[in-house]
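# Inside the fold
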Amino acid sequence: MKIGLVFGTRPEVIKMAPIYLKAKEMEINVVSIATAQHREMMDMMLKVFSMTPDYDMNIMTENQSLNSVAAKVLVKMGEIIEKEKLDWVFVQGDTTTAMAGAISAFHNGVKVGHVEAGLRSGNLKDPFPEEMNRRVIDQVSDLLFAPTTNSKKNLLKEGFEKDRIIITGNTVVDALYYVQEKFDLDKIRKEHIKEDNYILVTLHRRENWGEKMRKILEGIKEFSKEYGLSIVFPVHLNPKVRKIVKEVLGEYERAILLEPVDYITFLSLLKGARIVASDSGGIQEEAPSFGKFVVVCRNTTERPELIESGYGILAGTEKSSVFKALVKGFDVKVDKTKNPFGDGKASERILNAVI
Ligand code: UDP
């Protein structure tokens, strides 16, 4: 049996690497296939897990459109599938890389495994284009690796057959266990940030670009001023994000703006934070393991487990709603022994399912 693992962005590497490493350990034949949809941020993550892709499509161009990414991945993936005679293609999550990778496998009659299947915000255009991507991928997948009971329920509601769905936990928890075991996160954090009292911020979602992001940042800034916390923010490389962050926080003395940091450093910043404000999916899944409360700066979520377990709040995208959510979350104690997203054994369950 030969499995192709497809990834192209930072979170896909983080969530696919544990499967790659586990497959090697179990002596399963895996081929790692990078699209490099986000070149720099993907490469940074590969180093953390000491991975060198067997194939690198290197598709990224300046101002790339979703259509051009999808078209290139569709064609190049088809060629790799034929050459390698893959039995399975695994895609992760909801990127354009994952959607095109899955369709390409489907066109070639190769089985598809969807890692992190069944997440739904309920709004096809939010997050855009991710909600569409994840629905399309689920349709063409032979095995749906649902991270939680809630994601399984979503799939059953849409009529997917029970025996196509396996609850595995999210591989992001496997990834963070891997890093926690190997590195002294407290020491690493102090090498980067001396500050002890800070909000960790990340923002990048397409539907927040523009005015929404400005308002979110103003809410965070106000909280920082009133509660005396610094803002630590590794700023996404997207120029649309960088422009607004610079305008709102560039001159603010309590803001520590960083370049995107590698995964180990990021987890160290997460471990040291007082509270988190983010529109990221992966960070919502990681924060509970470090006992951190997450203020989700969005209007919808496909991860209700966070809110239901009391470990986060859906803050919306207004200045006042973000401020209020931060105030509310500031004193909440999160039980770090209970991560609703996984237990660190997801990769093993996924590989055993295809075996
Ligand atoms: N992350 C990182 N460095 C950073 C910011 C985030 O390694 O500077 C990691 C973080 O731990 C999480 C993942 O990147 O696992 C989230 O990626 P992102 O927010 O870009 O995507 P999403 O999860 O929203 O798809």
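Shown above is the structure to which this text applies.
Every chain is numbered independently, its residues counted from 1 as its sequence is written. This being a predicted model, a pLDDT of at least 70 is required before a residue's local features are given, and a value of 80 or more before pairs of side-chain atoms are given or counted; all residues contribute to the totals for chains, interfaces and linings. Hydrogens and water are ignored here; the side-chain numbers use all heavy atoms of the structure.

Here we come to the overall build of the chain. Every helix listed is a DSSP run of H or I at least four residues long, and every strand listed is a run of E at least two residues long, numbered separately from the N terminus. The number of helices and strands found in the chain is 15 helices and 13 strands. Considered along the principal axes of its C-alpha atoms, the chain spans approximately 60 × 40 × 40 Å. Burial here depends on accessible area, computed with a 1.4 Å probe over protein chains only, as a share of the maximum for the residue type. Under 20% is buried, over 50% is exposed, and the range in between is partly exposed. Buried positions account for 58% of the 355 residues belonging to the chain. Accessible surface is estimated by sampling points in the Shrake-Rupley manner with a 1.4 Å probe; for residues, cover comes only from the protein chains shown. Roughly 14800 Å² of accessible area belongs to the chain as shown, and the carbon and sulfur atoms make up 50% of that amount. On the chain, the mean spot of the 51 positive side-chain charges and the mean spot of the 50 negative ones are 2 Å from each other. Counted charges follow a simple rule, with Lys and Arg positive, Asp and Glu negative, and His plus the chain ends left uncounted. Note that the charge is assigned to NZ on lysines, CZ on arginines, CG on aspartates and CD on glutamates.

So, about the packing of aromatic side chains. Each aromatic ring pair is summarised here by two numbers: the centre-to-centre distance and the angle between the ring planes. What counts as a ring pair is set by centres within 6.5 Å for rings of Phe, Tyr and Trp (its six-membered ring), and what kind of pair is set by the plane angle: stacked under 30 degrees, edge-to-face over 60, tilted for all other angles. Throughout the structure, instances matching the rule amount to eight aromatic pairs. With a centroid separation of 5.5 Å and 65° between ring planes, the pair formed by F90 and F145 is classed as edge-to-face. A residue pair is termed long-range when its members are at least 10 positions apart, and F90 in strand β4 (residues 88–92) and F145 in strand β6 (residues 143–146) qualify at 55 residues. Like F145, F90 is buried.

Glancing now at the pairing of strand β1 (residues 2–7). Consecutive residues of a regular strand have side chains that alternate between opposite faces of the sheet. A large share of β1 lies buried, amounting to six of its six residues. Residues K2, G4 and V6 of β1 are buried on one face, and the alternating residues I3, L5 and F7, pointing to the opposite face, are buried as well. Paired strands, in this sense, are two strands between which DSSP finds at least two bridges. The sheet contact formed by β1 and strand β2 (residues 29–34) spans six bridges and is parallel. Bridge pairing in β2 places G4 opposite V31. If you view a crossover with the strands going away from you and the path from the first strand over the helix to the second runs clockwise, you call it right-handed. What joins β1 to β2 is helix α1 (residues 10–25), and the crossover it makes is right-handed. By the bridge criterion, three bridges tie β1 to β4 in an arrangement that is parallel. Each residue of the ladder has a partner; that of I3, found in β4, is W88.

Bringing the sheet that holds β2 into the picture now. Taken in spatial order, the seven strands line up as β3-β2-β1-β4-β5-β6-β7 in an open sheet, and their pairing is parallel. Only two strands of the sheet have a single partner each, and these edge strands are β3 (55–56) and β7 (165–167). In this analysis, two residues are considered to be in contact whenever any of their non-hydrogen atoms come within 4.5 Å of each other. Simply put, an axis is a line fit to the C-alpha atoms, just over the touching stretch for a helix, and the angle between two N-to-C directions goes from 0 to 180 degrees. Helix α4 (residues 96–107) rests against β1, β4 and β5 (111–115) of the sheet, and its axis sits at about 160° to β4. On top of the sheet, helix α5 (residues 130–140) reaches β4, β5 and β6; it is set at about 140° to β5, its chief contact.

Distances are taken per atom, and a residue is near a molecule or strand as soon as one of its heavy atoms is within 4 Å of it. Surveying the vicinity of the ligand reveals 17 residues, the closest of which are V261, S280, G281, G282 and E286. Definition of a polar contact: a pair of N or O atoms within 3.5 Å, with one able to donate and the other able to accept a hydrogen when the atoms are protein atoms, and with sequence-neighbouring residues admitted only if both atoms are side-chain atoms. One nitrogen or oxygen atom from the main chain of G281 is found 2.8 Å from an oxygen atom belonging to the ligand. Contact distances for the ligand include 2.7 Å between an oxygen atom and a backbone N or O atom of G282. For the ligand, whose unbound accessible area comes to 540 Å², protein coverage reaches 94%. For the shell around the ligand, the element with the highest residue contribution is helix α12 (residues 281–286), accounting for four residues. Polar here means any residue outside two lists: the nonpolar Ala, Val, Leu, Ile, Met, Phe, Trp, Tyr, Cys and Pro, and the charged Asp, Glu, Lys and Arg; Gly therefore counts as polar. By residue class, the composition of the shell around the ligand is nine nonpolar, four polar and four charged.

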